[in-house]
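# Geometric and topological summary
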Amino acid sequence: MILHRYFSRRFMVSFASTFGIFLLLNGFIDLVEQGRRFAGTEAGPAQVVALTLLNLPQALYELLPLITVLSAIALFLGLSRSSELVVARAAGRSALRAFLGPLMMTLLIGLLAVALFNPIVAATLKEYENRSSSLRENRSSILSISDDGLWLRQGDAERQTVIRAEATNLDGTVLEDVTFITFTQEGGPIRRVEAASAELTPGAWVLTDAKSWPLSDSRVAEQWATTHASLRIPSTLSADRIRDSFGTPSSISVWDLPAFIDRLEAAGFSALRHRVWLQMELAQPLFLCAMVLIAAGFTMRPQRGRRVGLLVLTAVVLSFGLYFLRNFAQILGDNGQIPVALAAWAPPVAGIAASLGLLLHLEDG
């Protein structure tokens, strides 16, 4: 246990140092990028710094696999150069048991990242998207899903329209049991329309079996209500803009994602992309363990001469290869080409199996 604690402590020091370096580098780089992105807006220096701080957790969360593999490489290279691994082997401790402590620490880091860091990233990313959208023009449509149904907002410089529907199709272009309430820029309602269905066409919603009530004056709305077999309401929305209104799955906490998926599917939307993201987040600890095993397979052996650089390069390239394989599997899962579980869990399991095979071959022949 003393040896396990020693190796675990060495790994945590290496991980903390690498994480701190990436924190500073990404902070300065993102500060410049945010300043360039919002140069033509009303954002001042304080707002740019705030946007940088809000965007930084997401960048670090995405770089967590790279931070892990670099930390493991630094740890095992240090242990090999100081001959501590040689001493451990000479004392009867196999190399496979030697990295058990760092592997457990990696698993713990992955669990904490998913359980604690993920909600922080989701909250800061959502706030970043809201603030960045408010600094840009053309913030005309917002979509949300609740227990009451689907809510949309569209508008222009003169008026805003709030849309509520009981159900919709997969891309949000056909709404069922829909209500349109139009407001002026001053905030007062001027018209209410209810319809059995509404279909989004280029430039307008086409309503079927609609009834319209005027709300702009003191007249009795029901007396002046009109019915229409078909009614067109102008719109600047499109299927792509409706999908974009959801934001990214990463802006939703992993704890809130299952309930959001249920609401999404109850409203009629496809939640496949969110299901894939949820499973990939749950598989994150195993993926980080795969990164450590890849680093161990190429840097735990005694280092000789110029082979060190080649072995480190090989470990980094293979870890990047596994990372891109994971992203490719995610794309296939989002498109429904492969099952959700296969897209999320196959890359980390394959990386762990291949790395363990390499380690067993090197250690035990």
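Residues numbered from 1 in each chain as written. Predicted model: local features only at pLDDT ≥ 70, side-chain atom pairs only at ≥ 80, totals over all residues. Heavy atoms only, no water.

### Considering the packing of aromatic side chains
Enumeration according to the criterion identifies eight aromatic pairs in this entry. Relative to F117, the ring of Y61 has its centre 5.6 Å away and its plane inclined at 70°; by these criteria the two rings are edge-to-face. Of this pair, Y61 sits in helix 2 (residues 45-62) while F117 sits in helix 6 (residues 100-135); the two residues are 56 residues apart in sequence, bridging distant segments of the chain. Of the two residues, Y61 and F117, neither departs from the other in class, the shared state being buried. Counting every residue linked through ring pairs, the aromatic cluster contains F287, F320, Y323 and F324. (Phe/Tyr/Trp six-rings, centres within 6.5 Å; stacked < 30°, edge-to-face > 60°. Helix = DSSP H or I, 4+ residues; strand = E, 2+ residues; numbered from the N terminus. Buried < 20%, exposed > 50% of the residue type's maximum accessible area, 1.4 Å probe, protein only.)

### Overview of the pattern of salt bridges
Under the defined criterion, the tally for this structure stands at six salt bridges. A salt bridge links R131 to E127; the shortest N-O distance between them is 2.9 Å. Highlighted residues: R131 and E127, both in helix 6, separated by four residues, approximately one helical turn. With relative accessibility at 38%, the residue R131 sits in the partly exposed group. Where R192 meets E194, a salt bridge forms, and the shortest distance between an N and an O atom there is 2.3 Å. Salt bridges linked by common partners bring E33, R36 and R37 together as one network. (Salt bridge = Lys/Arg side-chain N within 4 Å of Asp/Glu carboxyl O.)

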